[in-house]
Amino acid sequence: MSNSNPFSSQRRALVGGFAALAAAGATAAPKRADDAAAGLPPPVALRDPRELYPKPPFQQQSQPWPGLASKMTPKPDHGEQSYRGRNRLGGRKALITGGDSGIGRAAAIAFAREGADVAINYLPAEESDAQEVAKLIRDAGRKAVLLPGDIREETFCVKLVDDAVKQLGGLDILVNNAGRQHSADSILDITTEEFDWTYKTNVYAMFWITKAAIPHMPAGAAIINTASVNAYDPAENLLDYASTKGAIANFSKGLAKQMAKKGIRVNAVAPGPYWTPLQVSGGQTQEKLEKFGGDTPLGRPGQPAEIATVYVDLASSESSYVTGQVYGAAGGRGNP
Ligand code: NAD
Ligand code: MG
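A few points on the structure. (Residues numbered from 1 in each chain as written. Chains lettered and ligands numbered in written order. Predicted model: local features only at pLDDT ≥ 70, side-chain atom pairs only at ≥ 80, totals over all residues.)

Right, let's get into the environment of Ala36. Following the sequence through the fold, Ala36 ends up in helix α3 (residues 33-37). When the C-alpha atoms of Ala36 and Glu51 are compared, they prove to be 30 Å apart, with 15 residues separating the residues in sequence. (Helix = DSSP H or I, 4+ residues; strand = E, 2+ residues; numbered from the N terminus.)

Once that is clear, we can look at helix α5 (residues 127-139). The first and last C-alpha atoms of α5 sit 18 Å apart over 13 residues, in line with the 18 Å expected at 1.5 Å per residue. Along α5, the residues that are buried comprise Asp129, Ala130, Val133, Ala134, Leu136 and Ile137. For α5, the arc enclosing every buried residue in end-on projection is 165 degrees, short of the 170-degree limit, so these residues lie on one face. In α5, the exposed positions angled more than 90 degrees off the buried face are occupied by Ser128, Lys135 and Arg138. Elements that come into contact with the buried residues of α5 comprise α4 (102-113), β4 (117-122) and β5 (144-148). Within two residues after α5, Gly141 carries a phi angle of roughly 85 degrees, on the positive side. (Expected span 1.5 Å × (residues − 1). Buried ≥ 20, exposed ≤ 12 C-beta atoms within 10 Å, placed from the backbone. Arc of directions from axis to C-beta. Contact = placed C-beta atoms within 7 Å.)

Spatially, seven strands are ordered β5-β4-β3-β6-β7-β8-β9 in an open sheet, and the strand pairing comes out parallel. Two strands lie at the open edges of the sheet, namely β5 and β9 (326-329), each paired on one side alone. Here the strands of the sheet are splayed against their neighbours by 15 degrees on average, with no regard to which way each runs. Where strand β7 (residues 222-226) lies against strand β8 (residues 265-271), five bridges are found, and the strand directions are parallel. Among the inter-strand pairings, Ala222 is bridged to a residue of β8, identified as Arg265. On the sheet, α4 packs against β3 (93-97), β4, β6 (173-176), β7 and β8 and is oriented at approximately 170 degrees with respect to β3. (Pairing = 2+ DSSP bridges. Axes fitted to C-alpha atoms, helices over the stretch in contact; angles between N-to-C directions.)

Let us now look at the nonpolar core. Counting residues in each nonpolar core, the largest one holds 73 residues, and the members touching the most others are Ala107, Ala108, Phe111, Val118, Ile209, Ala308 and Tyr311. Take this core: its biggest share by element is eight residues, from α4. In terms of nonpolar packing, the next biggest core, distinct from the first, is built from six residues, Phe58, Ala69, Met72 and Val280 among them. (Core = buried A, V, L, I, M, F, W, Y, C linked by C-beta atoms within 7 Å.)

Time to look at helix α6 (residues 154-168). The end-to-end C-alpha distance of α6 is 21 Å, a good match for the 21 Å that 15 residues give at a rise of 1.5 Å each. If you check which residues of α6 are buried, you get Cys157, Leu160, Val161, Ala164 and Leu168. Looking down the long axis of α6, one finds its buried residues gathered within 90 degrees of arc, a one-sided arrangement. Exposed side of α6, more than 90 degrees from the buried face: Thr155 and Lys166 are the residues found there. If you follow the buried residues of α6, they end up packed against β3, β4, β5 and α7 (192-213). Of the residues flanking the end of α6, it is Gly169, one or two places downstream, whose phi is positive at about 80 degrees.

Now for the pairing of β7. Here β7 lies mainly inside the structure; five of its five residues are buried. By the alternation rule, side chains of β7 split into Ala222, Ile224 and Thr226 and Ile223 and Asn225, which are all buried. In the sheet, β6 pairs with β7 via four bridges, with the strands oriented parallel. When the bridges of β7 are listed, Val175 appears paired with Ile224. Crossover handedness for the path β6 to α7 to β7: right-handed. Regarding topology, helix α8 (residues 239-259) serves as the crossover connection from β7 to the parallel β8, and that connection is right-handed. (Right-handed = clockwise from strand over helix to strand, strands pointing away.)

Moving on: the site of ligand 1. Near ligand 1 lie 30 residues; those nearest to it are Gly98, Gly102, Gly179, Thr276 and Leu278. Along the lines of polarity and charge, the residues of the shell around ligand 1 split into eleven nonpolar, 14 polar and five charged. (Near = placed C-beta within 6 Å. Nonpolar A, V, L, I, M, F, W, Y, C, P; charged D, E, K, R; others polar.)

Written out as structure tokens, the structure is:
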């Protein structure tokens, strides 16, 4: 794979007419003269999911944890050029952990373009990725709030929620999405410190942040946690990580029953393989990274942009009967 951005042809295609569109695996949507008259936005073009994005083999690459999206080859697509909002979250106020990159960034861009003000949390080492997201949120005409810090500390989690509530003027969407994934071939290689790190980031922080957020959330609010296909089919090299994802799916379903009494919906998303910094900063072995996503029926990993609408759906009050669910988006494999 070359170092040039393989999405550039797709981006050109999205703005550049039929020939380029067809070349990138997409078919131009038919023009419908009545759409504009009916107040509809332009139609979403028909696109072949097999051909939209890069497939393995990927070039070997490694970054120090937590990794930056800006340094990945190819660069992930978070919907920067393509996501179009329809005001599905107009006036809403969202906090997204891990909102600087990957799936969290895709959700942040989509939420802002759907009309929400967005606060993101991330680690100080990710400031450059976070600044890119802040600009995208502001370009969408919404308020961006940057709240860096380490969620492995309960005191920081409580302050994070307080600061988000103060700066957003409330909170009605919480996305617990930050995650720690570190590959280890054997249980014998997982130290207590490593195990603790994974559980603190993925499970304890979700518990602390959610607990701090609920008193601020009105009826109609939504909590969305990020689980994984590993919740159901654990990878043998991700024992600690996969078991946190099982806990997240289970916690989401239990909390949904409790929160129904307050009118707050709680759901989880279970992504399959997505091309994000998590995977190139210790989340996978180099051997697995080269073939990443190749074992899915679509034959490639997902790009964060491809899962953003799942977060929008779960956040939107249009999904008022959807609670206690785990939504998958995994290229044809995995549960649920
Ligand atoms: P990512 O690296 O872009 O996002 C993870 C984020 O977690 C980082 O950006 C970082 O800001 C945050 N984070 C990690 N430790 C933190 C800490 N101690 N304090 C504060 N923030 C911290 O990767 P991603 O793949 O988009 O991950 C987002 C979520 O998606 C994670 O929960 C991950 O487990 C889940 N997920 C990813 C995949 C995949 O294939 N990429 C598959 C299933 C689930
Ligand atoms: Mg990041």
